[in-house]
Amino acid sequence: MDTFSLDSVELLQYQPNRPPFLMIDHVTKVRPGEFAEGYKNLPVDEWFFPIHFPGNPNMPGALQLEALAQMLTVAITTLPDNKGKVTHAISHEVKFKKEVLPGRKYEIKTKVNSWNRGICKGIGQGFTDGELACEAKMIITIPEILKQFLPNK
Amino acid sequence: MKKNQINKYEEVFKKSFSITKDKLTKLEYNSIPEWDSVGHMTMIANLEETFDIVFEMDDIIDFSSYKTGIELLKKYKINI
């Protein structure tokens, strides 16, 4: 399957989150079911910098991880028949390596390891200034698909 | 051969749900926190790998207990 990109408007068809909680500005490259990459710009007046923390602004780790999960979602929701479907997180294992500071760009790379019966297992990495800031193993699901396989109990 | 099959079956459940052997026979979907929707798919995937089978969708849905699974596996020529 070919790769393609999604600008900030096209992205909204595949990612149900909205600003200020949408942690992606642009998907530079996606191959549905395999990987998705892109970035989030981090202007100095981004909503979380003044409060996290006053005088020492940096991107919260939870939001770094959220950006990875949102990007992995795009790798799945761009598959045929998944457009617009909601995804839920199941479990994430995350490590934070470097502070992500205002005025930078948070580069996001995610890869799908498996996509089967409504469950996606994948990995994600976030980079700032060319260095690894965050990495995670993630499991997400599309509940609408997963529930078709569950016992009726 | 049959003893080997039951051992393999039990090991899948013990591994998938972090459960001891004495709790297996009465085990059902949603009877323990570990056998939730994700646990269910994990167990199914582990059984498929262990016995080299691919479950049909209806059988995944019908697989609601440890005992039911034993009956379902007969369809795949796995006799426990």
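Residues numbered from 1 in each chain as written. Chains lettered and ligands numbered in written order. Predicted model: local features only at pLDDT ≥ 70, side-chain atom pairs only at ≥ 80, totals over all residues.

1. A word on the overall build of chain B
Heads up, the rule is: Think of it this way: any DSSP run of H or I at least four residues long counts as a helix, any run of E at least two long counts as a strand, and we number them from the N terminus. Radius of gyration: C-alpha atoms only; globule rule: 2.2 Å multiplied by the number of residues to the exponent 0.38. Partly exposed residues are those falling between the two cut-offs: more than 12 but fewer than 20 other C-beta atoms within 10 Å of their own, whereas 20 or more means buried and 12 or fewer means exposed, with C-beta atoms placed from the backbone.
Within chain B one finds 4 helices and 0 strands. Ordering the α and β elements of chain B from the N terminus gives α-α-α-α. Whereas a compact globule of 80 residues would reach a radius of gyration of roughly 12 Å, chain B reaches 11 Å, a difference of no more than 12%. Looking at chain B as a whole, 22% of its 80 residues qualify as buried.

2. Quick look at the interface of chain B and chain A
We count it as follows: By definition, residues are in contact whenever their C-beta atoms, placed on the basis of the backbone, come within 7 Å of each other. Following the grouping adopted for this structure description, the nonpolar residues are Ala, Val, Leu, Ile, Met, Phe, Trp, Tyr, Cys and Pro, the charged ones are Asp, Glu, Lys and Arg, and the polar ones are all others, Gly among them.
Between chain B and chain A, the residue contacts involve 11 residues of the former and 8 residues of the latter. For the side of chain B that touches chain A, the elements supplying multiple residues, two or more each, are helix H2 (37–51) and helix H3 (57–62) of chain B. If one sorts the elements of the side of chain B that touches chain A by residue count, H2(B) sits on top with 4 residues. Residues of the side of chain B that touches chain A, tallied by class, amount to 7 nonpolar, 4 polar and no charged.

3. Digging into the pairing of strand S7 (residues 131–141) of chain A
Remember that side chains alternate between the two faces of the sheet whenever the strand is regular. Residue and element names in this part refer to chain A. For the record, the criterion: At least two bridges found by DSSP between two strands are what make those strands a pair.
Sheet topology places strand S4 (residues 88–96) next to S7; 8 bridges connect them, and they run antiparallel. When the sheet's bridge partners are listed, phenylalanine 96 is paired in S7 with cysteine 134. Sheet topology places strand S6 (residues 119–128) next to S7; 10 bridges connect them, and they run antiparallel. Across the sheet, glycine 126 pairs through a bridge with cysteine 134, a residue of S7.

4. Considerations on helix H1 (residues 61–77) of chain A
Count 3.6 residues to each turn of an α-helix, and residues three or four apart come out pointing the same way. Going by this rule: For a helix, the expected span equals 1.5 Å multiplied by the residue count minus one.
Taking 1.5 Å as the rise per residue, H1(A) with 17 residues should run 24 Å; its terminal C-alpha atoms sit 24 Å apart, in good agreement. Of all the 17 residues making up H1(A), 14 are buried; the element is thus mostly covered by neighbouring parts of the structure.

5. Side note on unusual backbone geometry
Residues and elements named next belong to chain A. For the bond from proline 19 to proline 20, the omega torsion is 10°, close enough to zero to count as cis. Looking along the chain, the bond that leaves histidine 52 and enters phenylalanine 53 is cis, with omega of -5°. Inspection of the secondary structure puts phenylalanine 53 in the loop between strand S3 (35–41) and H1. The backbone of aspartate 81 shows a phi angle near 75°, a positive value even though the residue is not glycine. Note on placement: aspartate 81 falls in the loop between H1 and S4. A positive phi angle is found at aspartate 129, which is not glycine, with a value near 50°.

6. Some points on helix H4 (residues 66–74) of chain B
Residue and element names in this part refer to chain B. Our working rule: Directions from the helix axis toward the C-beta atoms define the arc.
Buried within H4 are the following residues: Tyr66, Gly69 and Leu73. One side of H4 carries all its buried residues, which in axial view fall inside an arc of 45°. Turned more than 90 degrees from where H4 packs its buried face, Glu71 and Lys74 sit exposed.

7. Side note on the confidence of the model for chain B
Residue and element names in this part refer to chain B. Quick note on the threshold: The quantity known as pLDDT measures the predictor's confidence residue by residue, on a range of 0 to 100.
For chain B, mean pLDDT is 94; residues scoring 70 or higher make up 98% of the total. When mean pLDDT is taken per element in chain B, H4 scores highest with 96 and helix H1 (residues 2–17) scores lowest with 92. Reported for the predicted complex are a pTM of 0.88 and an ipTM of 0.81.

8. So, the sheet that holds strand S2 (residues 26–31) of chain A
What links the strands of a sheet is backbone hydrogen bonding, and the strands pair in either a parallel or an antiparallel sense. Residue and element names in this part refer to chain A. Here is the rule we go by: What counts as an axis is a line fitted to C-alpha atoms, over the stretch in contact for a helix, and the angles between N-to-C directions run from 0 to 180 degrees.
Taken in spatial order, the 7 strands line up as S1-S2-S3-S5-S6-S7-S4 in an open sheet, and their pairing is antiparallel. With partners counted over all chains shown, the strands left at the sheet margins are strand S1 (4–6) and S4, one partner each. Neighbour-to-neighbour, the strand axes of this sheet turn through a mean angle of 20°, independent of strand direction. The pairing of S1 with S2 spans 2 bridges and is antiparallel.

9. Points about the pairing of S6(A)
All names here are of chain A. Within S6, 7 of the 10 residues are buried, leaving the element largely enclosed by the surrounding structure. Both strand S5 (residues 105–116) and S6 contribute to a ladder of 9 bridges, which runs antiparallel. Within S6, the position partnered with valine 112 by the bridge is glycine 122. Between the antiparallel neighbours S5 and S6 lie 2 residues, among them arginine 117 with a positive phi of about 55°.

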